[in-house]
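# A closer look at the structure
One letter stands for each residue in the lines below.
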Amino acid sequence: MRRKGKQRLKLTLVNLILILVCFVTFIPILYAFSVSINEQNSLLGSDFSFIPRKVTIANYRRVFTEEPVVLWFKNSMVLAVSTVVIALGTGIPAAYIFSRRRFPGRKAILQLLILLYAFPSLLSMTALYKLLSPMGLINTRMGLIIVYTGTMAVFALWNMKGYFDTIPVELEEAAKIDGAGPLRIVLRIILPLAKPTIAVTAMMVLIYVWNEYIFSINFMTGESTYTLAAGLYSLQANETSGSWPVFSAASLLVSLPILIIFFALQKNMTSGLTSGGVKG
């Protein structure tokens, strides 16, 4: 009984600490929400109140009526979906090949890819600009898709390869004995088992593209081609401090799609890999 009591006490303390940490990390979001519905448009002035004295939703209306946030959302969505599809479409087959095949130069290629991925993206910005500029890909979605895909395809390869390495080869050998071909083995056995990792990889690629700022602000020079990250920066960089409530409202709104997608993929990301192996 004493041991159980101590365990419950430890578990309660851990839960309280985690709740406190979650609350602390939630404070900036609450602050942004407070600013977005504050009619007085104050930030840190002496008259600022965390709980607004006068509540308004006019700032949320301005997001859709006075600022081209919908256009920025469309640009970011096109970039995100294209990058996810291309990065996974190239990274997953490459990861399977590197995991299951042994060929000359395999280790050298993997080491080179991880070495290139380790360098900060800022170091490659000038080189990428000079490569894309003669082809007319600056200030275009295609140019950013190429940049994003080149980065995240390597991430998808390494992330998926680590999971493919954990799948027993005996599963594929048993399927071959039953008469299954290579393509059927991949589609019916390997990919269903890899659903959780595919979901996590897709989510990480999506978050990267959705939040990426450095390339989007330098490779996109017109307001009509801005992504959400670049557009939100322009709200508070080019106008007076009165735009901060609109900036806060827009920041909260553009975060909703990521939250919705995260909760939609949550089952796949948290599902048991062992049960998937049994079903396969």
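That block above? That's the structure.
Residues numbered from 1 in each chain as written. Predicted model: local features only at pLDDT ≥ 70, side-chain atom pairs only at ≥ 80, totals over all residues. Heavy atoms only, no water.

## A word on the overall build of the chain
Check the secondary structure of the chain and you find 13 helices and zero strands. Counting across all 280 residues of the chain, residues that qualify as buried make up 36%. When contacts within the chain are restricted to residue pairs at least 6 apart in sequence, long-range pairs at least 24 apart make up 71% of them. A total accessible area of about 17000 Å² is found for the chain, and carbon and sulfur atoms account for 68% of it. (Helix = DSSP H or I, 4+ residues; strand = E, 2+ residues; numbered from the N terminus. Buried < 20%, exposed > 50% of the residue type's maximum accessible area, 1.4 Å probe, protein only. Contact = heavy atoms within 4.5 Å. Areas by Shrake-Rupley, 256 points an atom, 1.4 Å probe, with all protein chains shown as cover.)

## What to know about the environment of Val-200
Positionally, Val-200 belongs in helix 9 (residues 195–211). Residue classification places Val-200 among the partly exposed residues on the basis of a relative accessible area of 32%. Taking the C-alpha atoms as reference, Val-200 lies 9.8 Å from Ala-156; in sequence the two are 44 residues apart.

## Re the layout of surface pockets
Unoccupied space between atoms shows up once a probe the size of one water molecule is rolled over them. Quantified by volume, the largest pocket comes out at close to 460 Å³. Every element with two or more residues in the lining of the largest pocket is listed here: helix 4 (106–118), helix 5 (125–132), helix 6 (141–164) and helix 9. Of the residues in the lining of the largest pocket, the class split is 16 nonpolar, four polar and no charged. Estimated volume of the second largest pocket: approximately 340 Å³. Taken together, Phe-26, Pro-28, Ile-29, Ala-32, Phe-33, Tyr-60, Ser-251, Leu-252, Leu-253, Ser-255, Leu-256 and Leu-259 form the lining of the second largest pocket. Per element, the largest residue contribution to the lining of the second largest pocket is six residues, and it comes from helix 12 (residues 244–270). For the lining of the second largest pocket, the residue count by class is 10 nonpolar, two polar and no charged. (1 Å grid on protein atoms, 1.4 Å probe; cavity = no way out; pocket = protein on both sides within 12 Å on 5 of 7 lines; lining within 4 Å. Points joined across faces, edges and corners; volume = space filled by probe spheres on them. Nonpolar A, V, L, I, M, F, W, Y, C, P; charged D, E, K, R; others polar.)

## Section: the packing of aromatic side chains
One pass over the full model with this rule turns up nine aromatic pairs. The interplanar angle of 85° and the centroid separation of 5.6 Å between the aromatic rings of Phe-73 and Trp-210 together place this pair among those described as edge-to-face. Here Phe-73, found in helix 3 (residues 69–100), pairs with Trp-210, found in helix 9; they are 137 residues apart in sequence, far enough to count as distant. Judged by relative accessible area, which is 31%, Phe-73 ranks as partly exposed. Exposure remark for Trp-210: the relative accessible area of 6% places this residue in the buried category. Pairing Tyr-148 with Tyr-208 gives two aromatic rings, centres 5.9 Å apart and planes at 85°, and the pair type is edge-to-face. Of this pair, Tyr-148 sits in helix 6 while Tyr-208 sits in helix 9, and the two are 60 residues apart along the sequence. For Tyr-148, a relative accessible area of 0% puts it in the buried group. Cluster of aromatic residues (ring-pair linked, three or more members): Tyr-129, Phe-215 and Phe-219. (Phe/Tyr/Trp six-rings, centres within 6.5 Å; stacked < 30°, edge-to-face > 60°.)

## A closer look at the packing of helix 4 against helix 6
Put simply, helix 4 and helix 6 touch, their axes get as near as 10 Å, and they point 125° apart. Comparing the axis directions of helix 4 and helix 6 gives the class oblique. The two elements helix 4 and helix 6 cross, and the hand of that crossing is left-handed. Contacts from Arg-106, Leu-110, Leu-113, Ile-114 and Tyr-117 in helix 4 reach Thr-151, Val-154, Phe-155, Leu-157, Trp-158 and Lys-161 in helix 6. Residue classes in the contact of helix 4 with helix 6 are distributed as eight nonpolar, one polar and two charged. (Axes fitted to C-alpha atoms, helices over the stretch in contact; angles between N-to-C directions. Parallel < 35°, antiparallel > 145°, perpendicular 65-115°, else oblique. Left-handed = near helix turned anticlockwise from the far one by under 90°.)

## Observations regarding helix 2 (residues 58–65)
For helix 2, every residue scored as buried is listed here: Asn-59, Tyr-60 and Val-63. For helix 2, the angular spread of buried residues about the axis comes to 105°, placing them on one side. In helix 2, those exposed residues whose orientation departs by more than 90 degrees from the buried face are Arg-61 and Thr-65. (Arc of directions from axis to C-beta.)

## Let's talk about the pattern of salt bridges
Think of it this way: side chains of opposite charge can pair up when their charged atoms draw near. Enumeration over the complete set of coordinates arrives at three salt bridges. Measuring nitrogen to oxygen at the nearest pair gives 2.5 Å for the salt bridge that ties Arg-100 to Glu-172. Here Arg-100, found in helix 3, pairs with Glu-172, found in helix 7 (residues 169–177); they are 72 residues apart in sequence, far enough to count as distant. Take Arg-100 and Glu-172: they sit in the same class, and that class is buried. Here Asp-165 makes a salt bridge to Lys-161, at a shortest N to O gap of 2.8 Å. For Asp-165, a relative accessible area of 40% gives the class partly exposed. (Salt bridge = Lys/Arg side-chain N within 4 Å of Asp/Glu carboxyl O.)

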